[in-house]
Amino acid sequence: MLVSAVAPSSEAGSVGSPGLWLTSVAVLVGLLVADFVVTRRPHEVSMREAVGWSAGYLTLPVLFGLWLWAGFGGGPALEFITGFVVEKSLSVDNLFVFMLLLTAFAVPAAVQQRVLLYGIVGALLLRGVLIAAGAALLAAGTWAFLVFGMILFGSAVKILHGAAADTDSGPDTSRMRSVRLLRKLMPVTGDYHGPRLIVRHRGRRALTPLAIVVVAVFATDIVFAVDSVPAVYGVTEDPYLVFATNAFALLGLRALYFVLHSVLTKLRHLNHGLAIILAFIGVKLVLHWAHGIWPGVPAVPTPVSLAVIVAVLATVTVTSLRPRRQDTPHAAARRGDGTPAARD
């Protein structure tokens, strides 16, 4: 379905021929099946296992970028790398929300990676639909760039508003509509039953808490898909490259979660950086639209975009990992004598 929806844009310069689409989707499905096989037996993921899988999934986009460079030139390769960096940075924020959900539902460590895998599959399906819709919008006219730009501006404002609130509490899962609806439709067992979503309980079928978690993760996938697809369309207009950046960014999330689990809570300025990136890409989209109407309006080239994105991510990482002023010995001493410590 996705292939047929975006294949016509290959005539407009897309690198994605029908054969390449079919091959890519087949490889993607094969990798997902392999992930399900790996997680079929619940177990806690060791750091060594997580690092190994993460390194493998980070190697794949590098090799793919080199293949694009050799086969199609530096332009598509640079667009892919830039789009991948954008999607990977947004996926880290996605992981933080997953972590809050897993904590809120008290998901056992042994089945956490299965929940993450369900979340990745849901995200891929949702983004596939939005990628096809985005390609159709772009084919309808350049006004689609304005639509994408407004979506990204709105997302940036929403993220900044959430960051300004500076709350560490997780989502209130009891108020999620999807969770409440499921609880009304079917009974839910009190305990987890390994990776099983449905079991027989007291003579009737019942959902396990794992099924509730998966639905909650799917609900968050929708929100992130609405942000991520317009963001990468701000880097490249090629639907195949948009698909490839999303696929490569999402595939390694399961393992990356366990690598970054202890770091995620320390990236307190990540949302500020993501808001800046989304706003920047929104400006780029609007300028791109205006450039097509008034050639005198400057367009932002892809190398500049990559430099800005990398600089923003590096800056927020450094500022996030820098010790808070109230955590220094001097601040602690001040707290000890009753003087309030300074806040960031």
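Only a predicted model underlies this, so the values are computations on that prediction, with no experimental measurement involved. (Residues numbered from 1 in each chain as written. Predicted model: local features only at pLDDT ≥ 70, side-chain atom pairs only at ≥ 80, totals over all residues. Heavy atoms only, no water.)

## A closer look at the pattern of salt bridges
We count it as follows: Definition used for salt bridges: Asp or Glu carboxyl oxygen within 4 Å of a side-chain nitrogen of Lys or Arg. Think of it this way: any DSSP run of H or I at least four residues long counts as a helix, any run of E at least two long counts as a strand, and we number them from the N terminus. Whether a residue is buried, partly exposed or exposed follows from its accessible area with a 1.4 Å probe, protein chains only, as a fraction of its type maximum: under 20%, in between, or over 50%, in that order.
With the rule as written, the count across this model stands at 2 salt bridges. In this structure, R254 and D35 form a salt bridge, with 2.9 Å as the shortest nitrogen-oxygen distance. One end of the pair, R254, is in helix 10 (residues 253-264); the other, D35, is in helix 2 (residues 18-38), with 219 residues separating them in the sequence. What makes R254 buried here is its relative accessible area of 2%. A relative accessible area of 1% means that D35 is categorised as buried. Among the ionic pairs, R127 bridges to E87, the shortest N-O distance being 3.1 Å.

## Here we look at the packing of aromatic side chains
This is how it is decided: Stacked, tilted and edge-to-face are the three classes assigned to paired rings of Phe, Tyr and Trp, where Trp is represented by its six-membered ring and a pair needs centres within 6.5 Å; plane angles under 30 degrees give stacked, over 60 edge-to-face, the rest tilted. Geometrically, a charge over a ring is one whose NZ (Lys) or CZ (Arg) sits within 6 Å of the ring centre while staying within 35 degrees of the ring normal.
Inspection of the entire model under this criterion finds 15 aromatic pairs. Taking 6.3 Å as the distance between ring centres and 50 degrees as the angle between the ring planes, the aromatic pair formed by F64 and Y240 counts as tilted. Remark: Y240 occurs in helix 9 (residues 239-251) and F64 occurs in helix 3 (residues 47-72); sequence separation between them is 176 residues. Neither F64 nor Y240 differs from the other in exposure class; each is buried. Taken together, a centroid distance of 6.3 Å and an interplanar angle of 25 degrees make the contact between F80 and F84 stacked. Of this pair, F80 and F84 are both found in helix 4 (residues 74-104), 4 residues apart, which corresponds to roughly one turn of the helix. Accessibility expressed as a relative area gives 12% for F84, which makes it buried. Put simply, the rings of W21, F64, W67, F72, F80, F84, Y240, F243 and F248 pair up and form one aromatic cluster. Positioned over the ring face of W53 is R254, at 5.1 Å from the centre of the ring.

## Considerations on the packing of helix 8 (residues 209-233) against helix 9
Put simply, the rule is: In this description, a line fitted to the C-alpha atoms serves as the axis of each element, helices being fitted only across the stretch in contact, and the angle between N-to-C directions of two axes falls anywhere from 0 to 180 degrees. Here the word oblique covers every angle except those under 35 degrees (roughly parallel), over 145 (roughly antiparallel) and from 65 to 115 (roughly perpendicular). For any pair of crossing helices, the crossing counts as left-handed if the nearer helix is rotated counterclockwise from the farther one by less than a right angle, and right-handed if it is rotated clockwise. By definition, residues are in contact when any of their heavy atoms lie within 4.5 Å. Think of it as three bins: nonpolar holds Ala, Val, Leu, Ile, Met, Phe, Trp, Tyr, Cys and Pro, charged holds Asp, Glu, Lys and Arg, and polar takes everything else, Gly as well.
Where helix 8 meets helix 9, the closest approach of the two axes is 10 Å, and the angle between their N-to-C directions is 130 degrees. Taken together, helix 8 and helix 9 sit at an angle that is classed as oblique. Helix 9 is crossed by helix 8, and the crossing has right-handed handedness. For the pair helix 8 and helix 9, contact is made by S228, V232 and Y233 and by P239, V242, T245 and N246, respectively. Of the residues contributing to the contact of helix 8 with helix 9, the split by class is 4 nonpolar, 3 polar and no charged.

## A short note on the environment of P239
Looking at the secondary structure, you find P239 in helix 9. Take P239: its relative accessible area is 3%, and that puts it in the buried class.

## Overview of a nonpolar patch on the surface
Our working rule: Patch members must show over 30% relative accessible area and no salt bridge, and they are joined within 9 Å when carrying like charges or within 5 Å when they are nonpolar side chains of Val, Leu, Ile, Met, Phe, Trp or Tyr. For every accessible area listed, the method is Shrake-Rupley and the probe measures 1.4 Å; residues are considered covered only by the protein chains on display.
On the surface, V29, V33 and V37 cluster together into a nonpolar patch covering about 230 Å² of accessible area. By secondary structure assignment, the location of V29 is in helix 2.

## Concerning the environment of R127
Looking at where R127 falls in the secondary structure, it is placed in helix 5 (residues 112-140). Overall, the relative accessible area of 4% leaves R127 in the buried class. A sequence separation of 116 residues divides R127 from F243, and the C-alpha atoms of the two residues are 8.0 Å apart. If sequence neighbours within four positions are ignored, R127 has contacts with E87, N94, F224, A225, S228, V229, N246 and L250.

## Considerations on the pairing of strand 2 (residues 204-207)
The line we're drawing: Between any two strands, pairing holds if DSSP finds at least two bridges.
Note: strand 1 (residues 198-201) against strand 2, 4 bridges, orientation antiparallel. Within the sheet, the bridge partner assigned to R200 lies in strand 2 and is R205. Linking strand 1 back to strand 2 in an antiparallel pair, the connection comprises 2 residues, with R202 at a positive phi of about 55 degrees.

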